[in-house]
Amino acid sequence: GAVVSQHPSWVICKSGTSVKIECRSLDFQATTMFWYRQFPKQSLMLMATSNEGSKATYEQGVEKDKFLINHASLTLSTLTVTSAHPEDSSFYICSARGGVQDTQYFGPGTRLTVL
Amino acid sequence: GQQVMQIPQYQHVQEGEDFTTYCNSSTTLSNIQWYKQRPGGHPVFLIQLVKSGEVKKQKRLTFQFGEAKKNSSLHITATQTTDVGTYFCAGGRQGGSEKLVFGKGTKLTVNP
């Protein structure tokens, strides 16, 4: 139980394009989902907290117009990186809070490379 | 803001040796969670500690939460090559926030 999927697992795009990443909780409902960013050999940095049916709460220094988050249902949240640039290249990981232990369960991550 | 410090940053051991990683928070935590991330993988939830002074065991792994709920440790007895990875602690803030603050992680390598 408590499985979280992410799609796509990796994506390569040209500079200036937008990329959408989906995060789904497969066997539980998640009222809250979190989006993290992880640079190589570094820890996870929380970007935003996403609550179903309301606007996402962004961490300080994260541009809300750059990273659009939509929490459409209790099992789906999406992150859209708009007008991506090479410095946006990173490993993006979502997590969904819920399950039996009411903790955060992480998706497998999406590796974004912007050329 | 709240910070979670984790040491050591790296640890290399011979197979069979013990390993410990420590976390310290600048503020009192509501809970602490531990995750393991294998190279190229994503963080996998290991355990959550909630009570002051709590100790939990999972086979060769022992997790402790300090009396003041500001520090925690993960101890692995007799490491195996399958223990390789980065271990992260993540503190939950008191006051009802769902957010976790992650430590920088301890990367464990095991020499067979």
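Because the structure is a prediction, the values reported are computed rather than measured.

Cut-offs used in this document
- Residues numbered from 1 in each chain as written.
- Chains lettered and ligands numbered in written order.
- Predicted model: local features only at pLDDT ≥ 70, side-chain atom pairs only at ≥ 80, totals over all residues.
- Heavy atoms only, no water.
- Patch = residues over 30% accessible without salt bridge, like charges linked within 9 Å, V, L, I, M, F, W, Y side chains within 5 Å.
- Areas by Shrake-Rupley, 256 points an atom, 1.4 Å probe, with all protein chains shown as cover.
- Salt bridge = Lys/Arg side-chain N within 4 Å of Asp/Glu carboxyl O.
- Helix = DSSP H or I, 4+ residues; strand = E, 2+ residues; numbered from the N terminus.
- 1 Å grid on protein atoms, 1.4 Å probe; cavity = no way out; pocket = protein on both sides within 12 Å on 5 of 7 lines; lining within 4 Å.
- Points joined across faces, edges and corners; volume = space filled by probe spheres on them.
- Nonpolar A, V, L, I, M, F, W, Y, C, P; charged D, E, K, R; others polar.

Enquirer: Can you break down a nonpolar patch on the surface residue by residue, with the values?
Expert: On the surface, a nonpolar cluster with roughly 390 Å² of combined accessible area is contributed by A:W10, A:I12 and A:L115. If you trace the backbone, A:I12 turns up in strand β2 (residues 10-13).

Enquirer: Would you mind going over the layout of surface pockets in detail, with residue names and values included?
Expert: Put simply, the largest pocket is a space of about 1300 Å³. Residue assignment for the lining of the largest pocket shows that the elements contributing at least two residues are β4 (32-38) and β5 (44-51) of chain A together with β1 (4-7), β9 (85-93), β10 (100-102) and β11 (106-111) of chain B. For the lining of the largest pocket, the residue count by class is 19 nonpolar, 18 polar and 12 charged.

Enquirer: Would you mind going over unusual backbone geometry in detail, with residue names and values included?
Expert: Here A:H7 and A:P8 are connected by a cis peptide whose omega angle stands at 0°. Among the secondary structure elements, A:P8 is positioned in the loop between β1 (4-7) and β2. Following B:I7, the chain continues into B:P8 via a peptide bond in cis, with omega recorded as -5°. Within the secondary structure, B:P8 is located in the loop between β1 and β2 (10-14). Although it is not a glycine, A:S83 adopts a positive phi angle of roughly 45°. By the secondary structure assignment, A:S83 is in the loop between β8 (76-81) and β9 (90-98).

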